Amino acid sequence: METAEGAFNLPYDALVLAPGARAIRPAVEGLDSPRVRTLRTVEDAVALRGLVDDGARRAVVLGAGFIGLEAAEALARRGVDVTIVELAEHVLPPLEHELAHLVTDELRSLGVTVRTGVAASAIEPGVDHDVVVLADGTRVAADLVVLSVGVRPSTEVFEASGIACEHGAIVVDEHGRTSAEHVWAAGDAVVSTDAVTGVRRPVPLAGPANRAGRLVADDILRPGTARPIPAPLGTAIVRVGGLTAATTGANRAALDRAGRAYRTLHLHPLQHAGYFPGASQVHLVVHVDAGTGLLLGAQAVGDDGVDKRIDVLATAIRAHLHVDDLIDLDLAYSPPYGQAKDAVNLAGMVGSNVLDGTLRLWYAEDLDQVRTEALLLDTRTVAEYATGHLPGSLNIPHTELRGRLDEVRKAAQGRPVRVLCASGVRSAIAHRILTQAGLDSASLSGGMLTLRAALGDRASSTLVTPALVGA
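Here's what I pulled together on the structure shown here.

Parameters at a glance
- Counting restarts for each chain, with residues numbered from 1 along the sequence as it is written.
- Predicted model: local features are reported for residues with pLDDT of at least 70 only, side-chain atom pairs are reported and counted for 80 or more only, and whole-chain, interface and lining totals are derived from all residues.
- Think of the side-chain values as coming from all heavy atoms in the structure, minus any hydrogens and water.
- Each salt bridge in this description consists of a side-chain nitrogen of Lys or Arg and a carboxyl oxygen of Asp or Glu lying within 4 Å of one another.
- Only DSSP runs of H or I with at least four residues qualify as helices, and only runs of E with at least two residues qualify as strands; both kinds are numbered from the N terminus onward.
- In this scheme, a residue with accessible area under 20% of its type's maximum is buried, one over 50% is exposed, and one in between is partly exposed, where area comes from a 1.4 Å probe on protein chains only.
- Think of a 1 Å grid over just the protein atoms. A cavity is a set of points where a 1.4 Å probe fits yet cannot get out, a pocket is an open set with protein on both sides within 12 Å along at least five of seven lines, and lining residues have an atom within 4 Å of a point.
- Grid points are joined across faces, edges and corners, and a volume is the space filled by probe spheres set on the points.
- The classification used treats Ala, Val, Leu, Ile, Met, Phe, Trp, Tyr, Cys and Pro as nonpolar, Asp, Glu, Lys and Arg as charged, and all other residues, Gly among them, as polar.
- Residues form patches when they are more than 30% accessible in relative terms and have no salt bridge. Like charges link within 9 Å. Nonpolar side chains (Val, Leu, Ile, Met, Phe, Trp, Tyr) link within 5 Å.
- Shrake-Rupley sampling with a 1.4 Å probe provides the accessible areas, and residues are treated as covered by the protein chains on show and by no other component.

**What to know about the pattern of salt bridges**
Next, step 1: Inspection of the entire model under this criterion finds 27 salt bridges.
Next, step 2: Measuring nitrogen to oxygen at the nearest pair gives 3.0 Å for the salt bridge that ties Asp 219 to Arg 177. Of this pair, Asp 219 sits in helix H5 (residues 206-221) while Arg 177 sits in the loop between strand S15 (169-170) and strand S16 (183-185), placing them 42 residues apart in sequence.
Next, step 3: Among the residues examined, Arg 177 registers a relative accessible area of 31% and is labelled partly exposed.
Next, step 4: A salt bridge links Asp 406 to Arg 409; its shortest N-O distance comes to 3.4 Å. Highlighted residues: Asp 406 and Arg 409, both in helix H11 (residues 405-412), separated by three residues, approximately one helical turn.
Next, step 5: Of the residues examined, Arg 409 reaches a relative accessible area of 36% and is grouped as partly exposed.
Next, step 6: Within the structure, one salt-bridge network assembled from shared partners comprises Glu 73, Arg 77 and Arg 239.

In structure tokens, the structure reads:
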């Protein structure tokens, strides 16, 4: 070991390595400016608060991950003019883009300027402030720059000593043992195997690190009975303004990279009984194996009830449940807390219907192809249709559909019919009516709510709003 007094040897019977991780510092000119700070420790947070107390009024946050969003919100609430910059196409890159857009809207409501799909190319230090130069040439003045583009394991000294590492993270077995005898490791600096995809990578989260520490101690003291360290699901949650966003298991990008065939379910149920004051929607995305219905991942965004649903779904994924198993979960119900058909139960019902062919889905990303090849049937009310609809779509409320099937056949002219409503419930009913009438039908997953979020800022130019057209 190295101390102020010099190096000395410290003998051990068992050594546990838990060096954690440090903030990544990308190759950006000017990053050594004293106005550039990281947010990794309590001391970092205190230092940032001190800069704001001393008069910092413009901040740029580089990175829109969990920590970056928390920093942006905290600074905005202190009256700081905040710009958040993210190289990925949307904030919170692990989140599906249709949910991430809801978070973007919330950030904007807090006064945060959101710049995505662009990186910082340089930081130009100045006397009174710095200037962050983006790759597209945009220049943003900043009294404070928060660097939050990710972390990397702090393992160089251990790798140099001969301990096996993989892409900078310590390789361990199922009990946390390293390649060195009597040496264990746990936490942000170790390689973990993803529970869903099998991908090997560090998982820098406090929950898995703490639990792994206990299991490592068990293996040191009671090696014969110690349980193995489980593969993490990466369950994570963050608050942004009035919203909560949470995720567990694999997202679409991870499943695509793993070559896993899957189906995606979009739901927008209320977090508790609709007749009880304060009801709000939980925007829920669930991924299931296309063949077996095994639960693979879930994400949710909403004002309330998000943590409860993601925790239940994380437990279900850990237990290797299938989507139809969710139907039978006996969850607590009372009007202030949930619905008799909870969001999780509803996900099971929808997923079961999709897998057995009762419900056929089409997705927002299919929109261009659908508009070319099919008749779009909007089953919302006339008033809802007027708030914004897809051009060329036929509006027949689902309650009128049985009596207007000839109208649908005439408009379709032999083409498939692709149905939508507000959230996917009424279009699912309409899909059954159309299918029973012998028409080629499918229902938009998540309805107009998901479509608007998937379109993001393009929604206003894609949808037709008669009231605005006539203005």
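**Quick notes on empty space enclosed by the protein**
Next, step 1: Within the structure shown, the criterion is met by one cavity of 30 Å³ or more.
Next, step 2: As a volume, the largest cavity reaches approximately 40 Å³.
Next, step 3: Looking at the lining of the largest cavity, the elements that each hand over two or more residues are helix H3 (97-109) and helix H13 (447-455).
Next, step 4: Looking at the lining of the largest cavity residue by residue, the class counts come to three nonpolar, four polar and three charged.

**Considerations on a nonpolar patch on the surface**
Next, step 1: A cluster of nonpolar side chains, contributed by Tyr 275, Phe 276 and Tyr 333, occupies part of the molecular surface with about 360 Å² of accessible area.
Next, step 2: As for its placement among the helices and strands, Tyr 275 is situated in the loop between strand S21 (262-267) and strand S22 (282-289).
Next, step 3: Assessed through its relative accessible area of 65%, Tyr 275 is described here as exposed.

Function cannot be read off these values alone, since they describe shape.
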